[in-house]
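# Descriptive analysis of the structure
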Amino acid sequence: MYNGFTIFSAEDEFGPIKVVENRTTRKLYFDSPVEQSCFYLKAPMTLNFEYQQKIIDLLLKFSERCSSKDSHPDFRVLMLGLGGGSMAHHLYHTLPNLQMTVVELRQTVIDCAYRFFQLPNVAEIETLQEDALEFVADNDFAYDAVIVDLFDSHGIPADFSAKTFQLNLLSQLNTPGLLIFNLWNQMRHHASEPLKPTKASGQILNHWQNLVANHKTLRQTRYNIESSDNLILAVERT
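All of the points below concern the structure found in this document.

Basis of the calculations
Residues numbered from 1 in each chain as written. Predicted model: local features only at pLDDT ≥ 70, side-chain atom pairs only at ≥ 80, totals over all residues. Heavy atoms only, no water. Salt bridge = Lys/Arg side-chain N within 4 Å of Asp/Glu carboxyl O. Helix = DSSP H or I, 4+ residues; strand = E, 2+ residues; numbered from the N terminus. Buried < 20%, exposed > 50% of the residue type's maximum accessible area, 1.4 Å probe, protein only. Arc of directions from axis to C-beta. Core = buried A, V, L, I, M, F, W, Y, C linked by side-chain atoms within 4.5 Å. Contact = heavy atoms within 4.5 Å. Phe/Tyr/Trp six-rings, centres within 6.5 Å; stacked < 30°, edge-to-face > 60°. Lys NZ or Arg CZ within 6 Å of the ring centre and 35° of its normal. Pairing = 2+ DSSP bridges. Axes fitted to C-alpha atoms, helices over the stretch in contact; angles between N-to-C directions.

## Structural notes on the pattern of salt bridges
Considering all chains together, one arrives at six salt bridges under this definition. Of the charged contacts, one joins Glu 35 and Lys 27 as a salt bridge, the two residues approaching to 2.8 Å between their closest N and O atoms. A salt bridge links Arg 65 to Glu 236, with the shortest nitrogen-to-oxygen separation between them at 2.9 Å. Pair noted here: Arg 65 is in helix α1 (residues 50-68) and Glu 236 is in strand β11 (residues 230-237), with a separation of 171 residues, a long-range link.

## So, helix α5 (residues 163-170)
Since the α-helix advances by 3.6 residues per turn, residues separated by three or four positions end up pointing in the same direction. When we look at burial in α5, the residues that qualify are Phe 165, Gln 166, Leu 169 and Leu 170. Buried residues of α5, viewed axially, fall in a sector of 145°; they line one side. Among the exposed residues of α5, those pointing more than 90 degrees away from its buried face are Lys 163 and Thr 164.

## Examining the nonpolar core
Side chains that are nonpolar tend, in soluble globular proteins, to be buried together. Counting residues in each nonpolar core, the largest one holds 32 residues, and the members touching the most others are Ile 55, Leu 59, Phe 75, Leu 91, Met 100, Ile 147 and Leu 178. Elements with a contribution of two residues or more to this core: α1, β5 (75-80), α2 (86-94), β6 (98-104), α3 (107-116), β8 (143-148), β9 (173-184) and β11. Looking at this core, the element that brings in the most residues is α1, giving seven residues. With near-sequence residues (within four places) excluded, Leu 178 lies in contact with Leu 58, Leu 59, Phe 62, Asp 144, Ala 145, Val 146, Leu 173, Ala 234, Val 235 and Glu 236. Membership of the second largest hydrophobic core comes to 30 residues, among which are Val 103, Val 148, Phe 165 and Leu 211.

## Details of the packing of aromatic side chains
Here the structure, examined in full by the defined rule, presents nine aromatic pairs. With a centroid separation of 5.7 Å and an interplanar angle of 25°, the aromatic rings of Phe 49 and Tyr 51 are classed as stacked. Exposure class is identical for Phe 49 and Tyr 51. Each is buried. Lying over the aromatic face of Phe 30, Arg 106 brings its terminal NZ or CZ to 4.7 Å of the ring centre.

## Some points on the sheet that holds β11
Pairing is mixed across the open sheet formed by seven strands, whose spatial order is β7-β6-β5-β8-β9-β11-β10. The open sheet is flanked by β7 (125-129) and β10 (218-224), the only strands paired with a single partner. Between one strand and the next, the sheet's axes are offset by a mean angle of 15°, whatever the strand orientation. The pairing of β8 with β9 spans five bridges and is classified as parallel. Each bridged residue has a counterpart across the sheet, and for Val 148 the counterpart in β9 is Phe 181. The sheet strands contacting α3 are β6 and β7, and the helix crosses β7 at an angle near 150°. Strands β5, β8, β9, β10 and β11 of the sheet are contacted by α5, whose axis makes an angle of about 140° with β9.

Now the structure itself:
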């Protein structure tokens, strides 16, 4: 099932967590063969997934625009969902003014990110073991950017496609602000078939399409990731 040998295995109330290593990589898995994170042992700053690089690129460009306007001394980012911490690790080394809060439901996932995937244990990255639904409902602090990367072994949990959660996300954004979703398209049986969003992804896309159409301060852009079935949705508040 996995290309390598298991160096860590645990199970919590949400299911199994495994860290699998071979000669070149270390990977994080939940209860499926889908990789949640990949770490190159000899190149720890290398991002394995194209969708991660797209998210990083969007954040870097947006941060540069914010800096040119001298709007905030720090670039404050909220990330919902940690995985192995690859994007948090990369952003820490590429954004000198980064202040990041990462919300992750599973404490074991947080522990694995620090122990096996070199997530920097620094003041600039705050990790919170908390339910993202509850966090965005209760949080009254605004961020320059919010990244939503919430998956379990079956995909995006239904609660995260609900309208209430989407509106709570909007309340987390500064003006200007950038909201980025990592979503999934459905698998294609044939290369000629068009990609279609999964049910949860489609609900999220429809919500923001309707919201953007009725708010002149919002605009959205979608990016299909060619190397995988990921779909990146970027919503900018101006």
